[in-house]
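Coordinates in review
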Amino acid sequence: MPPRHTLAHPVTATGTALHAGVQVTMTCAPAASGSGIVFRRADLNADIAALYSHVGETRLGTVLESGSAKVGVVEHLMAATAGLEIDDMLVTLDGPEPPILDGDALSYLILLESAGMAEQGEARTAIQVVRPVTVESGDAKASLLPDDRLSYSYELSFPVIGEQFYQFAFTRAGFKAEIAPARTFGFLSELEALNKMNLAKGASLANTLALDATGVVNRQTQRFADEFVRHKILDAIGDMALAGAPLIARFEGRKSGHATNNALLRALFSDPANYRLTQA
Ligand SMILES: [Zn+2]
């Protein structure tokens, strides 16, 4: 029976918030067994549990909400947390989002690894999907299907990028090598409009793969030819981590995003016959 894990020591990082564009300091710290991942807005004196049921906006990143307090763009940090199989952790922020760092999950993963892992007294519980659950919205589709092992596949189609498909059977080493380095991406043609809405104000060529009509502008920073589809799997892993416990299922996504991912978890948990709790 694998135990729950938390960090051995606190670790801190400072950087730019992707949307708000402000400097944010984040401290990830050990937490009591069973507490799960909790975000603390130190500037607002508010705690928000990292659970699908607290997801509000999903348009350009997954936003957790509790009352008037929000934490945006949690998915990359949540993916790193899932990739390291961390169960309990307190994430304290002095601003509205974790710092975006390199726009990937690897920069969080390396930070969390530097903290070291500590075993908790309790065993890890997993959520085993026992009935297929699918959500569709327009041409976006996401499914959680019964399987013995956790895996992710994703199919994307974007202008300029074309079509990409990737399949990933979850292991910690595989996550670090294949998925965590994949960086967020965006279209330069949308940037001005986003900035006017106070979004993507912290986006830069250092933290985002930028696309124009001809392709990737900052190609020298690209890490994989299929980095885009790998990043969509990274996002899905982060969003599925909001289940509150590791899943045992096969995730299949097609043109889906944060909204579909959240709808998928809400659909999963809407009927207790869809899943059962088991040893991880
Ligand atoms: Zn992302």
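Please read these numbers as outputs of a predicted model, since none were measured by experiment. (Residues numbered from 1 in each chain as written. Predicted model: local features only at pLDDT ≥ 70, side-chain atom pairs only at ≥ 80, totals over all residues. Heavy atoms only, no water.)

In space, the three strands of this open sheet follow the order S15-S16-S17, with mixed pairing throughout. The two strands at the open ends of the sheet, each matched to only one other strand, are strand S15 (185-187) and strand S17 (215-216). By the bridge criterion, three bridges tie S15 to strand S16 (residues 209-212) in an arrangement that is parallel. Bridge pairing links Gly186 to Ala210 in S16. Against the sheet, helix H4 (residues 188-196) contacts S15 and S16, and its axis sits at roughly 85° relative to S15. (Pairing = 2+ DSSP bridges. Helix = DSSP H or I, 4+ residues; strand = E, 2+ residues; numbered from the N terminus. Contact = heavy atoms within 4.5 Å. Axes fitted to C-alpha atoms, helices over the stretch in contact; angles between N-to-C directions.)

The next thing to look at is the domain arrangement of the chain. Quite often, the size of an interface is put as the accessible area lost when its parts meet. By domain assignment, the chain separates into domain 1 (3-123) and domain 2 (126-279). The C-alpha-based centres of domain 1 and domain 2 are spaced at 18 Å. Buried surface at the junction of domain 1 and domain 2, summed over both partners, amounts to about 2900 Å²; 62% is from carbon and sulfur atoms. The largest share of the area that domain 1 buries against domain 2 comes from Leu18, His19 and Tyr52, three residues that together contribute 20% of it. (Domains from an automatic or database assignment. Buried area = accessible area lost by both parts, 1.4 Å probe.)

Right, let's talk about the packing of helix H5 (residues 227-240) against helix H6 (residues 258-269) for a bit. Contact pair H5 / H6: the axes reach a minimum separation of 10 Å and the direction vectors enclose 35°. When the axes of H5 and H6 are compared, the crossing they make is right-handed. Each of Asp235, Ala236, Asp239 and Met240 in H5 lies in contact with H6, whose residues at this interface are His258, Asn261, Leu264 and Leu265. When grouped by side-chain class, the residues that make up the contact of H5 with H6 number four nonpolar, two polar and two charged. (Left-handed = near helix turned anticlockwise from the far one by under 90°. Nonpolar A, V, L, I, M, F, W, Y, C, P; charged D, E, K, R; others polar.)

Moving on to the environment of Phe185. Inspection of the secondary structure puts Phe185 in strand S15. Residue classification places Phe185 among the buried positions, given a relative accessible area of 16%. A C-alpha to C-alpha distance of 16 Å links Phe185 and Gly238, two positions 53 residues apart in sequence. Phe185 has contacts with Phe158, Ile161, Thr208, Leu209, Leu211, Phe228, His231 and Lys232, leaving out every residue within four places of it along the chain. (Buried < 20%, exposed > 50% of the residue type's maximum accessible area, 1.4 Å probe, protein only.)

Surrounding the zinc ion are the protein donor atoms His76 (NE2), His231 (NE2) and Asp235 (OD), at 2.1 Å. Read in sequence order, the donor residues for the zinc ion give the motif H-x154-H-x3-D. Of this pair, His76 sits in helix H1 (residues 75-83) while His231 sits in helix H5, and the two are 155 residues apart along the sequence. Looking at His231, the relative accessible area reads 1%, which means it is buried. (Donors = N, O, S within 2.8 Å, 3.2 Å for Na, K, Ca; no water.)

Helix H2 (residues 106-115) packs onto H1 with a crossing angle of 50° between their chain directions and a minimal axis gap of 8 Å. Judged by the inter-axis angle, H1 sits oblique to H2. Every pair of crossing elements has a handedness; the one defined by H1 and H2 is right-handed. Of H2, the residues touching H1 (which contributes His76, Leu77, Ala80 and Thr81) are Tyr108, Leu109 and Leu112. Of the residues belonging to the contact of H1 with H2, the class tally is five nonpolar, two polar and no charged. (Parallel < 35°, antiparallel > 145°, perpendicular 65-115°, else oblique.)

Okay, the sheet that holds strand S18 (residues 247-248) next. If you trace the three strands from one edge of the open sheet to the other, you get S18-S10-S20, paired in mixed fashion. What marks the edges here is a single partner per strand, and that holds for S18 and strand S20 (275-279). Taken together, the five bridges between strand S10 (residues 125-129) and S20 define a ladder with antiparallel strand orientation. Looking at S20, one finds that Ala126 is bridged to Thr278. Of the strands in this sheet, S10, S18 and S20 are in contact with H6, which crosses S10 at around 90°.

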